[in-house]
Amino acid sequence: MEKADSVIYLDNNATTKVDPAVVDVMTPFLTEWYGNASSVHSFGGQVRQHVEKAREQAAALVGARPEEIIFTSCGTESDNAAILSALENDIRRRKVVTSRVEHPAVLGLCKVLQQRGYHVEFVPVNRRGQLCMDTLVQMITDDTAVVSIMWGNNETGNIYPVYEIAEIAHQHGALFHTDAVQAVGKVPIDLGRADIDFLSLSGHKLHAPKGVGAMYVKKGTPFNQFLIGGHQEFGLRAGTENVPGIIALGQAMETAGEYIEQENTEMARLRDRLEQGILRTCPGARVNGNPLSRLPNTTNISFEYIEGESILLMLDQFNVAASSGSACTSGSLEPSHVLRAMGLAETLLHGSVRFSLSRYNTEEEIDFVIEKMAPIIKRLREISPFGHDS
Ligand code: PLP
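As the structure is a prediction and not an experimental result, all values here were calculated from the model.

Enquirer: Just give me the short version of the pairing of strand β4 (residues 119-123), but keep the residues and values in it.
Expert: Direction of pairing for strand β3 (residues 95-99) relative to β4: parallel, over a ladder of five bridges. Among the inter-strand pairings, Ser99 is bridged to a residue of β4, identified as Val123. The handedness of the β3 to β4 crossover, carried by helix α5 (residues 104-115), is right-handed.

Enquirer: Would you mind going over the site of the ligand in detail, with residue names and values included?
Expert: Taken together, 13 residues surround the ligand, and among them Thr76, Asp179, Gln182, Ser202 and Lys205 come closest. Interatomic distance of 2.6 Å between a side-chain N/O atom of Asp179 and a nitrogen atom of the ligand. The separation between an oxygen atom of the ligand and a polar side-chain atom of Lys205 is 2.5 Å. A per-element tally of the shell around the ligand places helix α4 (residues 75-89) first, with three residues. Here the shell around the ligand is built from residues that sort into three nonpolar, seven polar and three charged.

Enquirer: Describe the packing of α4 against α5, with residues and values.
Expert: The geometry of α4 relative to α5 is characterised by a closest axis approach of 9 Å and an angle of 40 degrees between their N-to-C directions. At the point where α4 passes α5, the crossing takes the right-handed sense. Residues Thr76, Asp79, Asn80, Ile83, Leu84 and Leu87 of α4 form the contact with α5, whose own contacting residues are Ala105, Val106, Leu109 and Leu113. Residue classes in the contact of α4 with α5 are distributed as seven nonpolar, two polar and one charged.

Enquirer: Requested: an account of the sheet that holds strand β10 (residues 298-303), with residues and values cited.
Expert: Strand order in the open sheet made by the three strands is β9-β10-β14, with antiparallel pairing throughout. Bordering the open sheet on either side are β9 (285-288) and β14 (352-356), each of which pairs with just one other strand. Averaged over all neighbouring strand pairs, the angle between strand axes comes to 30 degrees, with direction disregarded. Sheet analysis places β10 next to β14, joined by five bridges and oriented antiparallel. Residue pairing in the sheet places Thr299 in a bridge with Phe355 of β14. The sheet contacts of helix α10 (residues 308-317) involve β10 and β14, and relative to β14 the element is tilted by about 45 degrees.

The rules behind the values
Residues numbered from 1 in each chain as written. Predicted model: local features only at pLDDT ≥ 70, side-chain atom pairs only at ≥ 80, totals over all residues. Heavy atoms only, no water. Pairing = 2+ DSSP bridges. Helix = DSSP H or I, 4+ residues; strand = E, 2+ residues; numbered from the N terminus. Right-handed = clockwise from strand over helix to strand, strands pointing away. Near = heavy atom within 4 Å. Polar contact = N/O pair within 3.5 Å; in protein donor to acceptor, adjacent residues only side chain to side chain. Nonpolar A, V, L, I, M, F, W, Y, C, P; charged D, E, K, R; others polar. Axes fitted to C-alpha atoms, helices over the stretch in contact; angles between N-to-C directions. Left-handed = near helix turned anticlockwise from the far one by under 90°. Contact = heavy atoms within 4.5 Å.

Okay, structure coming up:
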């Protein structure tokens, strides 16, 4: 493999670098303290204490109580577990309300639920990706089991009014779940003041390793376990605990709390610098999403008449890693479902690039990317089959 440290990594919504301090904290639990946290002997018992410390660290970042945190394997598991549990909780309620811009971890499950005979309604969004709240209010009815709306969107960074939506859901006796995989650690979250039943989060989005996540289940909210087996995690999530992952997640969440202010000032400043630099130097570039309410690290920019993938490939030649909303499926380039839901014109839909920063990015890196973008866009416009060089 090539040397990794020369990459300019602007794809942090896909995954993040594990914080070296997190590696230091977790490593002894791979090498020395490998006991099973559920064992009776004191070797396991000591490990258990560290798992419980991690639970406290995780709870503190989101304003929860430790006993409201259940460790899982990833954000997808947390999303699935919460929604399926809510449906089992009251089998007379057969409806799920979600949005058109959710992550596949929610949308994919919802598709399966439709095949199983559940009624799923998808709240539309406007051109800026904001939820149509009037429609949402109408969709939530007394037969709704669960409303699932993400906290922050992985593609545009848009932040959704989850506190308010949770209240609306509860007025109809529905449970409320939020996929906060992109929001935790980037925006302040205080579950103590919220009426949110379930929240999902994932380690690898906040500088912990892949393969660990967590779910918040509000005290008093009924929860039916998703993984059935042993008595781990208060009997709510079976399976031997991923101790090193859990320790890492706890540490990463504590550190995220220490950086949250810096991320909302310094990192947001770098994101804005990148965005403005690109808008200034690349004609036909437009920002997607709601600039007034966004995650501090994300910008999604469309370049008219150009394929986002071509931009990514050219950036890759300079060792710059970013991403586009499109997924290459069965040989055809499917545009992002999020941008499509926002009603972007076809000329912009295929030409989007998402830049997502972390606290490890520097101003030099941002300036380097700005400098490279203008000639890339110019070159791609020249060879565009649409012949536009505006
Ligand atoms: N939800 C959102 C908003 C995400 O961005 C992701 C990952 O990209 C997930 C859920 C899935 O998380 P995980 O990769 O931990 O399963």
